[in-house]
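Residues per chain are reported as follows:
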Amino acid sequence: MDNHYQTLKTRQRAERDNYPENLGLRVHRALSWLNRAEQEDDLDSRFIFLWIAFNAAYATEIDDRQGLSEQASFNAFLKKLHDLDHGKRLGEIVWRAYSGAIRILLDNPYVFAGFWDYQKGNQTEEQWQQSFSAAKKAANHALAAQDTPRLLAIVLARIYTLRNQLIHGGATWASSVNREQIRDCVSIMGELVPAVIEIMMDSLGTLWGDASYPVVIAAR
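Residues numbered from 1 in each chain as written. Predicted model: local features only at pLDDT ≥ 70, side-chain atom pairs only at ≥ 80, totals over all residues. Heavy atoms only, no water.

Asker: Which residues make up the pattern of salt bridges, and what values go with them?
Answerer: The full count for this structure, using the stated rule, is 11 salt bridges. With its nearest N and O atoms 2.8 Å apart, the salt bridge here joins Asp44 to Arg179. Of this pair, Asp44 sits in helix H3 (residues 43-58) while Arg179 sits in helix H9 (residues 179-201), and the two are 135 residues apart along the sequence. Glu198 is the salt-bridge partner of Arg89, the closest N and O atoms lying 3.4 Å from each other. Linking Arg89 in helix H5 (residues 89-106) with Glu198 in helix H9, this pair joins segments that are 109 residues apart in sequence. Among the charged side chains, a salt-bridge network with shared partners connects Arg11, Glu15, Asp85, Arg89, Glu198 and Asp202. (Salt bridge = Lys/Arg side-chain N within 4 Å of Asp/Glu carboxyl O. Helix = DSSP H or I, 4+ residues; strand = E, 2+ residues; numbered from the N terminus.)

As C-alpha cells, then:
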C-alpha cells in the first residue's frame, strides 16, 4: 500500500512550529486520518478514513441539502488549491486517472445523486438521465479545457454520494454490489488527499479560515 503519510509527517514535524494555528490544526488532523487510512486493508474502511482526512483538510461544513459540486465554498477551496499547486500535482492526478478510475466513476449511475433521487420518486427517469448526461458532458468539457477544479468538483460529488451511502447505512459492508466504485474512489482519494495536504503545507501565507471544530481546552 502507498505510504504518503510517513513522508508528510516527517516534514510536518520539522515545519509545524512555523504553521499558522488554523493550518497546523487542519494538517495535523488530516495526517492522522491519512495515517489510519494507509494502515487499512479493508476497502470500505480505507475509503471512509480517506474521506475524513480530506474533510479535515477542508474543515468547513458540507451542506447535504446542496449538491457538493454546486457549493460555492467547496468550489472556492478547490480553486484555491489549484492556484497554489505550482507543481501541478492535482492536474497530474486527474489526467492520469481520467482514462481509468475517473472515467469509470463518471459512467457509474450508482454514485450519481440524481439516480437515487429518481429511486426515491423525487425525479422522473428522464430528469435524472438528463442531469447524468449533462454532468458527463461538463466533465468532458472540463477535461478539454484543462479545468482541473471543475473536473475535481464533479468527481468529488460522485465520491461524496458513495460516502453518504456508507455513512448513512445505505450499503452493506464489503458488498459485492459496490466493489467497483469503492476501489475506484479509494484509488482516486489515495492520491488526492496527500496532494491536498502537501499543497496546504507549501502555502503558509494562505488564509484557510477557522476550523469547524477548534480545539477547546476545558477549564480545570
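Asker: Pulling in residues and values, what's your account of the packing of H3 against H9?
Answerer: Across the interface, H3 lies against H9 with an axial gap of 9 Å and an inter-helix angle of 30 degrees. Here H9 runs roughly parallel to H3, going by the angle between their axes. Relative to H9, the crossing made by H3 is left-handed. Every residue of H9 that contacts H3 at Leu43, Asp44, Arg46, Phe47, Leu50, Trp51, Ala53, Phe54 and Ala57 is listed here: Arg179, Ile182, Arg183, Cys185, Val186, Met189, Gly190, Val193, Val196 and Met200. (Axes fitted to C-alpha atoms, helices over the stretch in contact; angles between N-to-C directions. Parallel < 35°, antiparallel > 145°, perpendicular 65-115°, else oblique. Left-handed = near helix turned anticlockwise from the far one by under 90°. Contact = heavy atoms within 4.5 Å.)

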